[in-house]
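The chain contents come next:
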Amino acid sequence: MEAIEKIKEIAAQGVAGAQIEIINSTPAAQQPALLVDREHVYAVAKFFKEDPRFQMDFCSCVTGVDYLPKGDKPGFIEVVYHLYSVAQKHGPIVLKVRAPRELEQCHVPSLTPLWRGCEFQEREAFDLYGVKFDGHPDLRRILMWDEFTDHPMRKDYAPPADYEWEPTPHDETLQRAAEMHGVIPPTSMAELEKAKKK
Amino acid sequence: MIQPLTESSEKRFTLTPGPDGLIETQTLEVSIGPQHPSTHGVFRMDCVLDGETVVALKPVMGYLHRNHEQLAERMAWLGSMPYTDRLDYFNSMTNNWAYALAVEKLAGIKVPERAEYIRVIMAELSRLQNHASVIGFMLQDLGAWGTPLLYAFRERERILDLFEAASGSRMMCNYFRFGGVRVDLNDAMVAAARDITAKFPRFLDEFEKLLTSNEVLLARCQKIGILPKELAINASISGPMARASGVDYDIRKVDKYGVYGKFDFRVPLGDIGDVYDRYYIRVLEMRQSIKILEQALRDIPQGPHIAPEVKLRNFKIPPGDGYGRVEAPKGELGFYLVSDETGKTPYRYHVRPPSFINLTILEDMCLGHKVADVVIILGSVDIVLGEVDR
């Protein structure tokens, strides 16, 4: 594999108009990534898959990462693809694409039409991070149940105060419930009955 | 009292042929699982059947989901090492290795040679017991109740005894540390490993004699659940499943992580990628594992078992990300880790579970086969729900 600067240059030539940026890994890991804009990520991925110099036919790992806003920098969700080549036995090329954290705008193009292996992994990223993959054939929740409404791997996710499942709710749970709902929930069956009658 | 036939019931029981001369039928939706012995855990398949033939199948998972990744993001780096055991609970050693390898990659830790050898020995022993048991489970799905599985478990027992001696636990080993392994193997344990390695081929010969050319096994497994090579690569299938379809890709050979570059072994490949190939590839891989074990146990050097400069407490990683992967018995097991400025806990911790991704093409393999074959096709994929659902 060539150096990352060379790969970036080749990809920029191959896909006209793509904005590509290099993001470094930890100094020891030596796996620099290419950050591609949302409009061109599909074309860049397709280029890497079909170009005979790369032949990235194996999309190994797909995942989301949530970055909260820091100071005046806006937060974003990053989707990371690790591409390898089975034909030439090299890799990885790490593709990253970023989308805003707001649920309505959190869209990236799906790479499932290129690699079937993305199908479940993109569903997982949708389920846990709320990234909508445009062009995914079957974008449903995969690990959480269908009725679940939130995306639990987001950094600002607050777990529900499910005190009703505890036979004797303790102080911490009661306080959390009070913070979330503004009321102290009934602590015993008798109190619950009373509350129901009211 | 006999009820007279009403007009509607008469209509219901009269079978009128359709325009093509055949009697009209309708498909039947069957939910296999989640509490079904052949799904190897709490896993569900939504099948649509036409008679006995599968016309659609959707895997449903998540019954065992516990958000492993988020739990790990709230712990110190080393804190989730014992928790990786619970991913694929059959092969805690290779899970440990994948996580340790990823962290070592991010932090730039060099592992002493003796530790690398111990890791290879433990990983290959895991592979032996995993493949033997998987074949046993698959045969169980075929209706060979107990016998092959218990033959495999008899051998597994000896390997687990060694794991227990080395790590203190039979299945949840928690044996690896960043930069090495937790405790050194003493001479008695190395001798026990040599003994297991020497006796394993005899068991394999016996196993093969009973199974490989068994008429029932051939009839039930050949030409069932064929996975073409191109689809296997495109769908990110890894491990024995991909190699049964003829994909020449073994991370031990490609990445040469640890000391795998030093050993002489071959990567067996299948021809057509049916269930039988997936059975036989595992037998052949066990033979190669024995070859690796013989070399590793012959050449194991003296020296430290863990890099002394790695701190157990206050272990930090500079900001950035990285991906490390190993060839686990089920396929490519990878960890994608992100460290932030504090560096004390993983900012992002993602597991690339092989058996989860290998399920992507379950529907493609099952279409057109009988519902009884679905069970063995799933058995040949080799899934562990602790890893699928995380």
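The numbering scheme is per chain: residues are counted from 1 as the chain's sequence reads. Chain labels run from A onward and ligand labels from 1 onward, assigned in the order the entries are written. Local features in a predicted model are, by the rule used here, given only for residues with pLDDT of at least 70; side-chain atom pairs are given and counted only at 80 or more, and totals for whole chains, interfaces and linings are based on all residues. To obtain the side-chain values, all non-hydrogen atoms of the structure were included, while hydrogens and water were left out.

(A) Quick look at the overall build of chain B. The secondary structure content of chain B amounts to 16 helices and 10 strands. In terms of its C-alpha atoms, chain B occupies a principal-axis envelope of roughly 90 × 50 × 45 Å. Each residue is assigned to one of three classes by its accessible area relative to the maximum for its type, calculated with a 1.4 Å probe on protein chains only: buried under 20%, partly exposed between the two thresholds, exposed over 50%. Within chain B, the proportion of its 390 residues that are buried is 59%. Surface exposure of chain B reaches about 15700 Å², of which carbon and sulfur atoms provide 55%. Strands are runs of DSSP state E lasting at least 2 residues, helices are runs of H or I lasting at least 4, and numbering of each runs from the N terminus. Each accessible area is a Shrake-Rupley estimate made with a 1.4 Å probe; only the visible protein chains count as cover when residues are assessed.

(B) Geometry of the sheet that holds strand 1 (residues 20-23) of chain A. Residue and element names in this part refer to chain A. Within the open sheet, the 5 strands sit side by side as 1-2-5-4-3. Their pairing is mixed. With partners counted over all chains shown, the strands left at the sheet margins are strand 1 and strand 3 (58-67), one partner each. If you compare each strand with its neighbour and ignore which way they point, the axes differ by 25 degrees on average. Of the strand pairs in this sheet, strand 2 (residues 33-36) and strand 5 (residues 90-100) are connected by 3 bridges, and their pairing is parallel. Residue pairing across strands places Leu 34 opposite Leu 95, the latter belonging to strand 5. With respect to the sheet, helix 3 (residues 118-129) is in contact with strand 3 and strand 4 (76-85), its orientation differing from that of strand 3 by roughly 10 degrees. At least two DSSP bridges between two strands are required for those strands to pair. Between N-to-C directions, angles span 0 to 180 degrees; the directions come from axes that are lines fitted to C-alpha atoms, helices contributing only their stretch in contact. Contact criterion: two residues are considered in contact whenever any of their non-hydrogen atoms come within 4.5 Å of each other.

(C) Broad picture of the interface of chain A and chain B. In this assembly, 47 residues from chain A lie in contact with 49 residues from chain B. In this assembly, chain A packs against chain B so that about 3800 Å² is buried in total across both faces, 55% of it on carbon and sulfur atoms. Values labelled buried area give the accessible surface lost by two parts on being combined, using a 1.4 Å probe and summing over both. Interface area lost by chain A to chain B is led by Arg 116, Phe 120 and Leu 143 of chain A, which between them contribute 17%. Here, a salt bridge means any side-chain nitrogen of Lys or Arg that lies within 4 Å of a carboxyl oxygen of Asp or Glu. Where chain A packs against chain B, one counts 6 salt bridges.

(D) The arrangement of the side chain of Glu 208 of chain B in detail. Residue and element names in this part refer to chain B. One can find Glu 208 in helix 7 (residues 187-211). Glu 208 gets classed as buried once you look at its relative accessible area, which sits at 15%. Those residues in contact with Glu 208, other than ones at most four positions away along the chain, are Ser 213, Tyr 279, Tyr 280, Val 283 and Arg 287.

(E) Structural view of the packing of helix 7 of chain B against helix 12 (residues 275-299) of chain B. Residues and elements named next belong to chain B. Close contact between helix 7 and helix 12 brings their axes to 10 Å; oriented N to C, the two are set at 160 degrees. By the angle class used here, helix 7 and helix 12 are roughly antiparallel. Both helix 7 and helix 12 take part in a crossing whose hand is left-handed. For the pair formed by helix 7 and helix 12, the contact residues are Val 190, Ala 193, Arg 194, Thr 197, Phe 200, Pro 201, Leu 204, Asp 205, Glu 208 and Leu 211 on the first element and Tyr 279, Tyr 280, Val 283, Met 286, Arg 287, Ile 290, Leu 293, Glu 294 and Leu 297 on the second. A breakdown of the residues in the contact of helix 7 with helix 12 according to their chemical character gives 13 nonpolar, 1 polar and 5 charged. Geometric relationships in this document are graded by angle, where less than 35 degrees denotes roughly parallel, more than 145 denotes roughly antiparallel, 65 to 115 denotes roughly perpendicular, and other angles denote oblique. Each crossing is labelled by how the near helix is turned from the far one, with a counterclockwise turn of less than a right angle marking it left-handed and a clockwise turn marking it right-handed. In this classification, Asp, Glu, Lys and Arg are treated as charged, Ala, Val, Leu, Ile, Met, Phe, Trp, Tyr, Cys and Pro as nonpolar, and every other residue, Gly included, as polar.

(F) Region of interest: the environment of Glu 104 of chain A. Residue and element names in this part refer to chain A. Mapping Glu 104 onto the fold places it in the loop between strand 5 and strand 6 (107-109). By relative accessible area, which is 61% here, Glu 104 ends up exposed. Through-space distance from the C-alpha of Glu 104 to that of Ala 11 is 30 Å; in sequence the pair is 93 residues apart.

(G) Just the domain arrangement of chain A, in detail. Residue ranges assigned to the domains are those given by an automatic or database domain assignment. Taken domain by domain, chain A consists of domain 1 (4-160) and domain 2 (161-198). Taken over C-alpha atoms, the centre of domain 1 of chain A sits 42 Å from the centre of domain 2 of chain A.

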